[in-house]
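Summary of the model geometry
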Amino acid sequence: MKIGVLCSGGDAPGMNPCLRAIIRAGEKYGDSIIGIRHGYQGIFDEDIWGGTDEDGKDHKINPREVSGLTNRGGAFLNSSRCMRMHEEEGQKQAAEILTRHGFDALITIGGNGTLSGALALGSHWKGQIVGLPGTIDNDLLGSDYTIGFQTATQTGVEAVDKLRDTAGSHDMMFLVEVMGRHCGDLAAYIALAGGCELVATPEVKTDIEDIVRRLRRFKTMGKRSIIMVVAEGDDFGGANALLEALKKAGSPYEMRSVVLGHVQRGGTPAPGDRILATRLGCFAVDAIHQGATGVMAGELSGQLILSPFENVIVGRRSGAVQVTNLIDRISV
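Report follows, based on the coordinates.

**Describing the sheet that holds strand β4 (residues 128–133)**
With respect to topology, six strands assemble into an open sheet ordered β2-β1-β3-β4-β9-β10, the strand pairing being mixed. Since the sheet does not close on itself, it has two edges, and those belong to β2 (32–35) and β10 (303–308), each with one partner. In this sheet, neighbouring strand axes are inclined to one another by 25° on average, regardless of whether the strands run parallel or antiparallel. In this sheet, strand β9 (residues 295–300) lies alongside β4 in parallel orientation, the contact comprising two bridges. Within β9, the position partnered with G131 by the bridge is M296. Strands in contact with helix α4 (residues 112–121) are β3 (105–110), β4 and β9; relative to β3, the strand with the most contacts, it is inclined by about 160°. Sitting on the sheet, helix α9 (residues 271–289) touches β1 (2–7), β3, β4, β9 and β10, and the angle it makes with β4 is about 170°.

**Some words on the pattern of salt bridges**
All chains considered together, the criterion is met by 16 salt bridges. In this structure, R224 engages D171 in a salt bridge whose closest nitrogen and oxygen atoms are separated by 3.2 Å. Note that R224 is positioned in the loop between α7 (208–221) and β7 (226–231) and D171 in the loop between α5 (149–170) and β5 (172–178), a separation of 53 residues in sequence. Judged by its relative accessible area of 35%, D171 falls in the partly exposed class. Notably, a salt bridge pairs K223 with E197, separated by 3.3 Å at the nearest N-O pair. Of this pair, K223 sits in the loop between α7 and β7 while E197 is found in the loop between α6 (185–193) and β6 (198–200), placing the two residues 26 residues apart along the sequence.

**Things to note about the environment of L246**
On the secondary structure map, L246 appears in helix α8 (residues 239–248). Taking the C-alpha atoms as reference points, L246 and H289, separated by 43 residues in sequence, lie 56 Å from one another. Those residues in contact with L246 that lie beyond four places of it in its chain are M173, L175, I208, I211, V212, S251 and M255.

**Thoughts on the side chain of T114**
Along the chain, the position of T114 falls in helix α4. According to the relative accessible area criterion, T114 is buried, its value standing at 2%. Setting aside chain neighbours within four positions, we find T114 in contact with S8, G9, Y40, T108 and I109.

**Brief notes about the packing of aromatic side chains**
Under the criterion given, the structure shown has four aromatic pairs. Arranged with centres 6.4 Å apart and planes meeting at 85°, the rings of Y145 and Y189 form a pair that is edge-to-face. Taken together, the residues span a long stretch of sequence, with Y145 in the loop between β4 and α5 and Y189 in helix α6 at a distance of 44 residues. For Y145, a relative accessible area of 35% puts it in the partly exposed group.

**Remarks on the nonpolar core**
In terms of nonpolar packing, the biggest core is built from 61 residues, with I22, I107, I109, L132 and V229 touching the most fellow members. Broken down by element, the residue count for this core peaks at eight residues, all from α9. Once residues lying within four places of it in the same chain are set aside, the contact partners of L132 are C18, I22, I107, T108, I109, G110, L115, L280, G281, A284, M296 and A297. L6, A95, I97 and W125 belong to the second-largest nonpolar core, a separate cluster that totals 25 residues.

**A few points about the side chain of E299**
Structurally, the position occupied by E299 is in strand β9. Excluding its chain neighbours within four sequence positions, the residues that come into contact with E299 are G142, S143, D144, L276, R279, L280 and L304.

**Observations concerning α4**
Here α4 has its buried residues at T114, L115, G117, A118, A120 and L121. Check the buried side of α4 and you find it contacts α2 (39–45), α3 (88–100), β3, β4, β9 and α10 (309–313).

**A few points about the pairing of β10**
One ladder, built from six bridges, connects β9 with β10; its direction is antiparallel. Its bridge partner being in β10, G298 is matched across the sheet by I305. Linking two consecutive strands that pair antiparallel, namely β9 and β10, is a turn of two residues; a positive phi of about 50° is found at S301 within it.

**Focus: the pairing of β3**
With six of its six residues buried, β3 lies for the most part within the structure. Residues A105, I107 and I109 line one face of β3 and the alternating positions L106, T108 and G110 line the opposite face, and both faces are buried. Relative to β3, β1 is paired through five bridges, and the arrangement is parallel. Paired with I3 across the strands is A105, a residue of β3. Summarising the sheet, β3 and β4 pair through six bridges and their orientation is parallel. Residue pairing for β4: G110 is matched across the bridge by P133.

Criteria and thresholds
- Residues numbered from 1 in each chain as written.
- Predicted model: local features only at pLDDT ≥ 70, side-chain atom pairs only at ≥ 80, totals over all residues.
- Heavy atoms only, no water.
- Pairing = 2+ DSSP bridges.
- Helix = DSSP H or I, 4+ residues; strand = E, 2+ residues; numbered from the N terminus.
- Axes fitted to C-alpha atoms, helices over the stretch in contact; angles between N-to-C directions.
- Contact = heavy atoms within 4.5 Å.
- Salt bridge = Lys/Arg side-chain N within 4 Å of Asp/Glu carboxyl O.
- Buried < 20%, exposed > 50% of the residue type's maximum accessible area, 1.4 Å probe, protein only.
- Phe/Tyr/Trp six-rings, centres within 6.5 Å; stacked < 30°, edge-to-face > 60°.
- Core = buried A, V, L, I, M, F, W, Y, C linked by side-chain atoms within 4.5 Å.

In structure tokens:
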């Protein structure tokens, strides 16, 4: 089979070991795995990894070309966002290009937008499409964890640990903003693992007066350092806006805000992400050979499963609410 593979949207640690697994699993089947650079935009630009061979065929990625990718962050095929995939004419054009190049199937690695694009493309293209959950946000249904989430959590916890030293030295409170426009899993897990006192997520309404009451109680108890993790999609609009609101409401601590930003996307993938990426990459190739299409490969309770794109992108996770409640119970 001729199978295209691409990474779309924001890069996530673990995309590279996932690509490595897909290419090597495909080699065992005798497939031609063709890398498409820069996500869906690469389809429109006909941007094939390695270009065209001497016989005019799209370059097949050799297993040796992906040696050493296990511990590399980023996406060696490059990634991007593509507005043309939001339009039906663009979807039809992408389908025509894939057909003209003779692709039998396409594997897409990315988040909600990537899978939404794959769902739309499937309405216009006869080839098989299987998606993989590559996003640090952990916002997709159909998998307990997404590729990149564990590494991004580790990066956030390392930052919190360092900030705690300074906060304790100066009797200070830090508001640490992390990614997560619609899902607070990253913020909640960083706060829990980092031993933070407070967390703000999109799933739970932020109550300024309640937070200030708790801060005053912490101050009375003699707590010298406070760390609050804030998801960028918090209803106050992030750490800077929340800091100003807390200041006006009478926070008893001197406060500073830190925005981790894109640093969360980079870095060497954690072992958990490498393992998940490898398992799902191989599973995606197996699924294509079993005739699957219009589905995302994920892992739930240790079992590899396939979920229709419609089911994966339609809802929101609720894990952040449970973790937030746990943080509240142990913050004294």
